[in-house]
Amino acid sequence: AYGVAGLTNEVCVVMVNKGTGKDLVGGEVGGGVSGPVMRVNFESEITRRDLIGRDVLAAEDGATTSTFVDGILPQMMSGPYIGIFDEIDFVRPDVAYVMQRAFEGNGLMLTEDGGRIVNPHKMFRMFATGNTVGQGDEFGMYQGARPQSMALLDRFTVWVKVEYMAASDRAKLIESNAPTLNGDLLSRVNQYVGEHLEAFTSAKVLQPISPRTFLAFARAVETFSTMGMKDATKQALEATILDRASVQDRAVLNGLATRVFS
């Protein structure tokens with residue numbers, strides 16, 4: 001889907017469930033479309049000036065001069081970049097309007113720089129990622145996500161929902177990051193991750209398990225086992241997952257781990 005959007009020059013939004021590895025999307029997009037990636041992470045403090053640019057004062061030959069410095073959006077558009085707008089559902093809706101003309105492919109007018117028009121490079125592509133569909137947080141898990149204008153959402157012509165990794169793909173990822181785990185232990189780690197994900201998606205626990213977390217768990221198991229630590233798997237699980245869980249989640253996850261690793 002990333003490649004199709006890139007080749008057809010569509011504006012694509014990638015909606016990602018918690019724990020599916022949204023941080024990997026930029027790399028996948030770059031690999032699928034073939035181009036350098038520039039990413040902007042949205043949060044409530046991102047302003048129009050951050051996106052468009054601003055005048056900067058400087059001393060030159062004893063005089064103070066003003067120079068306009070491009071923001072992240074014209075910088076992206078000026079080259080063969082893949083622009084990743086990460087967590088776009090966290091941007092302030094009034095700030096998001098700045099991007100609408102760029103999303104239409106009609107260039108960007110910099111009124112702050114005398115009305116200069118920035119025309120997009122022919123290989124410039126735009127993707128956005130988010131945990132919601134732009135209508136606010138439906139699950140109470142993404143504090144700060146904002147409902148976005150339908151005028152903005154309509155500019156995205158390709159929508160992609162990223163599902164959780166298949167067990168076989170998880171196994172390959174775990175093996176590549178913890179290569180000394182023996183086959184049985186790797187299989188059990190992968191099984192635990194699958195059962196944790198099932199518990200999360202069925203609302204038995206509120207704590208997700210992302211690729212970042214389960215790889216940290218696998219590496220901890222690998223390290224503690226190499227050190228000959230007693231109950232290496234239990235210690236790794238507590239250090240990376242259980243010690244940050246709520247009391248209720250900890251009880252459920254501990255039960256899963258006992259069944260898988262005993």
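In this text the structure is predicted, and so the values were computed from the model without any measurement. (Residues numbered from 1 in each chain as written. Predicted model: local features only at pLDDT ≥ 70, side-chain atom pairs only at ≥ 80, totals over all residues. Heavy atoms only, no water.)

**Topic: the nonpolar core**
For the record, the criterion: Think of a nonpolar core as a cluster: buried Ala, Val, Leu, Ile, Met, Phe, Trp, Tyr and Cys residues, connected wherever their side-chain atoms sit within 4.5 Å. Think of it in three bands: with a 1.4 Å probe and only protein chains considered, a residue is buried below 20% of the maximum accessible area for its type, exposed above 50%, and partly exposed in between. Counting from the N terminus, the helices are DSSP H or I runs at least four residues long and the strands are E runs at least two residues long. Whether two residues are in contact is decided by their heavy atoms: any pair within 4.5 Å suffices.
Among the nonpolar cores identified, the biggest contains 31 residues, and I174, L181, Y192, F217, I241 and F261 are the most heavily contacted of them. Only α8 (167–177), α9 (183–201), α10 (211–226), α11 (232–240) and α12 (247–261) provide two or more residues apiece to this core. By residue number, the principal contributor to this core is α9, which donates 8 residues. Sequence-distant contacts of Y192, defined by excluding residues within four places in its chain, comprise I209, F217, L237, I241, L253, L256, A257, V260 and F261. One finds I46, V91, L110 and F156 within the second-largest nonpolar core, a separate group that totals 28 residues.

**A closer look at the packing of α8 against α9**
To be explicit about the condition: With axes taken as lines fitted to C-alpha atoms, and helix axes fitted only over the stretch in contact, angles between N-to-C directions fall between 0 and 180 degrees. Roughly parallel refers to an angle under 35 degrees, roughly antiparallel to one over 145, roughly perpendicular to one between 65 and 115, and oblique to any angle outside these ranges. In this scheme the crossing of two helices becomes right-handed for a clockwise turn of the near helix relative to the far one and left-handed for an anticlockwise turn of less than a right angle. Each residue is assigned to one class: nonpolar for Ala, Val, Leu, Ile, Met, Phe, Trp, Tyr, Cys and Pro, charged for Asp, Glu, Lys and Arg, and polar for all the others, Gly among them.
At their nearest, the axes of α8 and α9 sit 10 Å apart, and the two run at 130° to each other. Here α8 is positioned oblique relative to α9, judged by the angle of their axes. Crossing of α8 over α9 shows right-handed handedness. Residue-level inspection shows A167, R170, A171, I174 and E175 of α8 in contact with α9, the latter providing L186, V189, N190, V193, G194 and L197. When grouped by side-chain class, the residues that make up the contact of α8 with α9 number 7 nonpolar, 2 polar and 2 charged.

**Notes on α12**
Operational definition: For a helix, the expected span equals 1.5 Å multiplied by the number of residues minus one. To obtain the arc, one takes the directions from the helix axis to the C-beta atoms.
The terminal C-alpha atoms of α12, which comprises 15 residues, lie 21 Å apart, in line with the 21 Å expected from a rise of 1.5 Å per residue. Those residues of α12 that sit buried are D249, L253, L256, A257, V260 and F261. With its buried residues spanning 110° around the axis, α12 presents them on a single face. Of the exposed residues in α12, those oriented more than 90 degrees away from the buried face are V247, Q248, A251 and R259.

**Topic: the confidence of the model for the protein chain**
Note the threshold: pLDDT expresses how confident the predictor is about each individual residue, on a scale running from 0 to 100.
In the predicted model, the protein chain carries a mean pLDDT of 83, and 82% of its residues have values of at least 70. Contacts of residues 1–8 to residues separated by more than four positions or lying in other chains number 19 contacts, the stretch itself having pLDDT below 50.

**Looking at α10**
Because the α-helix completes a turn every 3.6 residues, residues three or four places apart line up on one side. The terminal C-alpha atoms of α10 lie 22 Å apart, and with 16 residues this matches the ideal 22 Å at 1.5 Å per residue to within 8%. Every buried residue belonging to α10 is among P211, T213, F214, L215, F217, A218, A220, V221, E222 and F224, and all of these are buried. Buried positions along α10 lie against α8, α9, α11 and α12. Two residues or fewer past α10, G228 is found with a positive phi of approximately 70°.

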